[in-house]
Amino acid sequence: LWLGGASLAVLIFIRITRELIEGEVTAADRAITLAVAGTRTPWLTAMAVDITALGSVTLVTLFGSFALIVLCVLRDRMAAIQLVATSAGAALLTIATKDTIERIRPGEVRQLVVVSGFSYPSGHSVATAAIYLTLAIIAGRYLRRSGVRAAMFLAVPAVVVMVAASRVYLGAHYTTDVVSGLSLGTAWALLLEGCFSFAGD
């Protein structure tokens, strides 16, 4: 199940990347960027800035480090290794893809946050999808109540999607940047979960 989900996410990422290279998504990306910028209001901007911070290096590292400490206290060595592998892999995949595609960030609208580097894929999207999903999967092993697990697995994807959407709203990324980032991060998290589940069995 995990590997099947990872395969689907990889296929989505490959499809978007291919269409980007062929120039098939450029017009749509620009149109969406301009349309989203037209909805900007002061209160939406303030909310987007707060939401996008959940995908920042500082907060993702803080959450990941806290979870790693908890796993060490619980002596869950495999989960701790899985979390470290997820974090390191997400960072490497983001850097490698950005440096390969070298897409320039949106220039059609004013960027409401300070950004640098290439645009594709969205690092915020890759990191939040990979790390937050992995944290949810690991936490799910310790939660006894199915209702609590279900609520968590609904809340985590919602937060990840909101972080991705905030990047488009703030002018830091195109839509395909964040969708590809979500796909890549999800694929990496599910692939590792499949591998670690197999190793654990």
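Our subject is the structure that appears above.
Every value quoted in this text rests on a predicted model; they were computed, and no experiment measured them. (Residues numbered from 1 in each chain as written. Predicted model: local features only at pLDDT ≥ 70, side-chain atom pairs only at ≥ 80, totals over all residues. Heavy atoms only, no water.)

Before going further, it helps to examine the overall build of the protein chain. Within the protein chain, the secondary structure is distributed over eight helices and zero strands. Along the chain direction, N to C, the helices and strands of the protein chain fall in the order α-α-α-α-α-α-α-α. Taken over C-alpha atoms, the radius of gyration comes to 17 Å for the protein chain, in line with the 17 Å a tight globule of 201 residues would show. Summarising its shape, the C-alpha atoms of the protein chain cover approximately 50 × 35 × 30 Å along the three principal directions. Buried positions account for 43% of the 201 residues belonging to the protein chain. Partitioning the intrachain contacts of the protein chain with sequence separation of at least 6 by distance along the chain shows that 79% fall at a separation of at least 24. Carbon and sulfur atoms provide 71% of the accessible area of the protein chain, an area that totals close to 10500 Å². For the protein chain, the separation between the mean place of its 15 positive charges and that of its 12 negative charges on side chains is 9 Å. (Helix = DSSP H or I, 4+ residues; strand = E, 2+ residues; numbered from the N terminus. Rg over C-alpha atoms; globule rule 2.2 N^0.38 Å. Buried < 20%, exposed > 50% of the residue type's maximum accessible area, 1.4 Å probe, protein only. Contact = heavy atoms within 4.5 Å. Areas by Shrake-Rupley, 256 points an atom, 1.4 Å probe, with all protein chains shown as cover. Lys, Arg positive; Asp, Glu negative; His and termini not counted. Charge placed at Lys NZ, Arg CZ, Asp CG, Glu CD.)

For the rest of this paragraph, the subject is unusual backbone geometry. Here Tyr-120 and Pro-121 are connected by a cis peptide whose omega angle stands at -5°. Among the structural elements, Pro-121 can be located in the loop between α5 (77-101) and α6 (123-142). The phi angle at Arg-75 is positive, at roughly 60°, despite the residue not being glycine. On the secondary structure map, Arg-75 appears in the loop between α4 (57-73) and α5. Using a relative accessible area of 78% as the deciding quantity, one classes Arg-75 as exposed.

Here we come to the pattern of salt bridges. Tallying each qualifying case throughout the model produces five salt bridges. The shortest N-O distance in the salt bridge between Glu-19 and Arg-15 comes to 2.7 Å. Placement of both Glu-19 and Arg-15 in helix α1 (residues 2-21) is noted, with a separation of four residues, approximately one turn of the helix. Note on Glu-19: relative accessible area 19%, which makes it buried. Its relative accessible area of 46% is what places Arg-15 among the partly exposed residues. One connected set of salt bridges, linked through shared partners, spans Asp-29, Arg-103 and Asp-177. (Salt bridge = Lys/Arg side-chain N within 4 Å of Asp/Glu carboxyl O.)

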